[in-house]
Amino acid sequence: MAGSLEKSKAGRWLAPGRVNLIGEHTDYNDGFVLPLALPMGVTCTAAVRPDGTVRLRSRQAPRDGVEIALCALAAAGWSELPAWAHYPLGVISEFVRRGHELPGVELELDGDLPMGAGLSSSAALSCAVAIALRDLFAPSVSAAEIIDMARTAENVYVGVPTGILDQSAAMLCTAGHVLFLDVRTRAYEQIPFDLKRFGLSLLVFDTGSSHRLVDGEYARRRAECATAAVELGVPFLRDATAGQVGRLADPVLRRRARHVVSENARVLRVAEKLRGGGDPRQIGPELSAGHASLRDDFEVSAPQLDTAVAAALVAGAYGARMVGGGFGGSMIALVDSGRADGVVRTVRDAFARRRFAVPRSFAVTPAAGARRIE
Ligand code: GLA
């Protein structure tokens, strides 16, 4: 049960969810991303156990606790373990595989981030666990290693071939900024994103439509991008130009590559516009163009996302787009704060007309990255 850990031995860590302002499906193409951390996230209360066992509990799945001996982790039949537990166990396995000593640990997870909403609850979970392990057992582990461990947990132990966008956002974002990250070099820059100063709000709509990256479509997109890069003779699509992409014979590969190349260019333009504290209104058209590209060229949108984007724009949003891997999940809209209620109403009305479930919506400001909170 959450709350049962002895206070004296325990600490509490938090990793946030994220929305990506722009730069979708560019991370595994060695490109650019521009996320911000959400005020919501996953917390991990952790305490040392001296007995070589791992004990996991989640507030969101109170009946699905796990207790397992560390030495049994590698051989365990993970398919019998609850799906959520694969993330923390993946992080623990990776931590041990990298040579860190772990005498045993007890973890209690909780969170206020909607799961499966495209807001990166998986990476928040993995990163919260990873920083707890770091602080308790291996304080010299770097943020870059945490990002790799959390990503490996998802790639290898959960089986989704994601890039490093979500884990980097959880670890590196800072309050008041968007994180401009060059995935190839891992160089990053904090760019001010002060919405209040400009009378703006960034609304998030969780459309409630399913967002299941494990289904294979994400992996297929990734494979298509790799094939397109091979056909173009470049290491990654990051290295391709719009002119080269036009010469791809296969129309599907051409569309996929066009998305990646145009999206990377959008990230660079948005970053440039925001640097030095420029008015975020200017980036609206780039956000909407990004959505059109994900819908038409990358084909990862969903009817709920398209409906929400169209309705938000009709109601006066400067720009709107789906966020995350797609196939459902959430979208963002950049709006004048005075118009936020009207935009929410218009999106809800559009959903009601199409008999979609009522979307959950909230305004976000850029929050801090993963940290110890108790
Ligand atoms: C998911 C993945 C990320 C990234 C996005 C799309 O969130 O976890 O690595 O590929 O989709 O931008």
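Bear in mind the structure is a predicted one, so any value in this text is a computation, not a measurement. (Residues numbered from 1 in each chain as written. Predicted model: local features only at pLDDT ≥ 70, side-chain atom pairs only at ≥ 80, totals over all residues. Heavy atoms only, no water.)

(A) Region of interest: the site of the ligand. Near the ligand lie 13 residues; those nearest to it are Glu24, His25, Asp27, Asp166 and Tyr218. One of the side-chain N or O atoms of glutamate 24 is found 2.8 Å from an oxygen atom in the ligand. With respect to the ligand, the side chain of tyrosine 218 contributes an N or O atom lying 2.6 Å from an oxygen atom. For the ligand, whose unbound accessible area comes to 300 Å², protein coverage reaches 99%. Residue composition of the shell around the ligand, grouped by class: four nonpolar, five polar and four charged. (Near = heavy atom within 4 Å. Polar contact = N/O pair within 3.5 Å; in protein donor to acceptor, adjacent residues only side chain to side chain. Areas by Shrake-Rupley, 256 points an atom, 1.4 Å probe, with all protein chains shown as cover. Nonpolar A, V, L, I, M, F, W, Y, C, P; charged D, E, K, R; others polar.)

(B) View of the packing of helix α9 (residues 303-314) against helix α10 (residues 340-353). Two numbers describe how α9 lies on α10: the axes approach to 8 Å, and their chain directions differ by 140 degrees. On the basis of the axis angle, α9 is oblique to α10. Viewed along their axes, α9 and α10 form a crossing whose handedness is right-handed. Residue-level inspection shows Gln304, Thr307, Ala308, Ala311 and Ala312 of α9 in contact with α10, the latter providing Val343, Thr346, Val347, Ala350 and Phe351. (Axes fitted to C-alpha atoms, helices over the stretch in contact; angles between N-to-C directions. Helix = DSSP H or I, 4+ residues; strand = E, 2+ residues; numbered from the N terminus. Parallel < 35°, antiparallel > 145°, perpendicular 65-115°, else oblique. Left-handed = near helix turned anticlockwise from the far one by under 90°. Contact = heavy atoms within 4.5 Å.)

(C) Here's a closer look at the packing of helix α1 (residues 86-97) against helix α2 (residues 121-137). For the pair α1 and α2, interaxial distance at closest approach is 9 Å and the crossing angle is 40 degrees. With respect to α2, the element α1 is oriented oblique. For the crossing formed where α1 meets α2, the hand is right-handed. For the pair α1 and α2, contact is made by Tyr87, Pro88, Val91, Ile92 and Phe95 and by Ser122, Leu125, Ser126, Val129, Ala130, Leu133, Arg134 and Phe137, respectively. Its residues assigned to classes, the contact of α1 with α2 shows 10 nonpolar, two polar and one charged.

(D) Looking closely at the pairing of strand β7 (residues 177-182). Where burial is concerned, most of β7 is hidden: five out of the six residues are buried. One ladder, built from two bridges, connects strand β2 (residues 32-33) with β7; its direction is antiparallel. Paired with phenylalanine 32 across the two strands is aspartate 182, which belongs to β7. Relative to strand β8 (residues 188-192), β7 runs antiparallel, the two being bridged by five bridges. (Buried < 20%, exposed > 50% of the residue type's maximum accessible area, 1.4 Å probe, protein only. Pairing = 2+ DSSP bridges.)

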